[in-house]
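# Structure at a glance
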Amino acid sequence: MSPSDNDLPRTEDEWRVRLSPEEFRVLREAGTEAPWTGEYVDTRTPGVYHCRACGLELFRSQDKFDSHCGWPSFDDAIPGAVKEIPDNTLGMRRVEIRCARCDSHLGHVFEGEGFTPKDTRHCVNSISVRLEPSAG
């Protein structure tokens, strides 16, 4: 069950109490976990991926694909769950993706790579999400 918006931390100090140091670094400080180290890189379990910070449903397992990039990749997000923000750090133009509820960093989205018919890759840090396996 996800907390309501009223139950979410209001300050970064409150987020530090709720999250582990590594979760805080990635989710709240827009960090990146090392490639090929995340728990969901190769996961094929059916279910729904939720924001690790607030529990919002973000991605469905049927939209996950193997992009061989070192992070979980999805060619679609649940409508309205992810917001996109221009990111011009690291000397390049990218689009950051954040949770629409709690504004936590998830990763980046890329288009035009040709991996799937939707031609979109949401490249997500495993530590930014939590998989809720489907029942049965």
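Residues numbered from 1 in each chain as written. Predicted model: local features only at pLDDT ≥ 70, side-chain atom pairs only at ≥ 80, totals over all residues. Heavy atoms only, no water.

### Structural notes on the side chain of Thr116
Our working rule: Numbering of helices and strands starts at the N terminus; helices are DSSP runs of H or I of at least 4 residues and strands are runs of E of at least 2. For each residue, the accessible area found with a 1.4 Å probe, counting protein chains only, is set against the maximum for its type, and the residue is called buried under 20%, exposed over 50%, and partly exposed in between. Contacts were defined at the residue level, with two residues in contact if any of their heavy atoms lie within 4.5 Å.
Within the fold, Thr116 resides in the loop between β7 (105-111) and β8 (120-124). Residue class for Thr116 comes out buried when judged on its relative accessible area of 12%. Not counting residues within four places of it along the chain, the set of residues in contact with Thr116 comprises Phe65 and Asp75.

### Digging into the pattern of salt bridges
For clarity, the threshold we go by: Salt bridge criterion: a side-chain nitrogen from Lys or Arg within 4 Å of a carboxyl oxygen from Asp or Glu.
Applying the stated criterion across every chain, the model contains twelve salt bridges. In this structure, Glu39 engages Arg52 in a salt bridge whose closest nitrogen and oxygen atoms are separated by 2.8 Å. Placement of Glu39 in the loop between α2 (21-27) and β1 (47-51) and of Arg52 in the loop between β1 and β2 (57-60) is noted, with a sequence separation of 13 residues between them. With a relative accessible area of 13%, Arg52 lands in the buried category. Residue Arg98 pairs with Asp103 through a salt bridge whose shortest N-O separation is 3.8 Å. With relative accessibility at 14%, the residue Arg98 sits in the buried group.

### Notes on the packing of aromatic side chains
The condition is simple: By convention, a stacked pair of Phe, Tyr or Trp rings (six-membered ring in the case of Trp) has centres within 6.5 Å and planes under 30 degrees apart, an edge-to-face pair has planes over 60 apart, and any other such pair is tilted.
The tally for this structure, following the rule as stated, stands at four aromatic pairs. Ring plane angle 90 degrees and centroid distance 5.4 Å describe the contact between Tyr40 and Tyr49, whose orientation is recorded as edge-to-face. An aromatic cluster is present here, built from Tyr40, Tyr49, Phe59 and Phe74 joined pairwise through their rings.

### Concerning the environment of Trp36
As for its position among the elements, Trp36 is in the loop between α2 and β1. For the pair Trp36 and Cys51, spaced 15 residues apart in sequence, the C-alpha separation works out to 20 Å. Excluding its chain neighbours within four sequence positions, the residues that come into contact with Trp36 are Val41, His68, Cys69 and Gly70.

### Overview of empty space enclosed by the protein
The following threshold applies: We place a 1 Å grid over just the protein atoms. Points where a 1.4 Å probe fits but has no way out form a cavity, open points with protein on both sides within 12 Å along at least 5 of 7 lines form a pocket, and any residue with an atom within 4 Å of a point lines it. Grid points are joined across faces, edges and corners, and a volume is the space filled by probe spheres set on the points. Here the nonpolar group is Ala, Val, Leu, Ile, Met, Phe, Trp, Tyr, Cys and Pro; Asp, Glu, Lys and Arg are the charged ones; every other residue, Gly included, is treated as polar.
One pass over the structure, following the stated rule, counts one cavity of 30 Å³ or more. Of the voids in this model, the largest cavity is the one considered here, and its volume is about 50 Å³. Taken together, 13 residues make up the lining of the largest cavity; nearest its centre are Val41, Phe65, Asp66, Ser67 and Trp71. Residue classes in the lining of the largest cavity are distributed as six nonpolar, four polar and three charged.

So, to be careful, I would describe these as geometric facts and stop short of saying anything about function.
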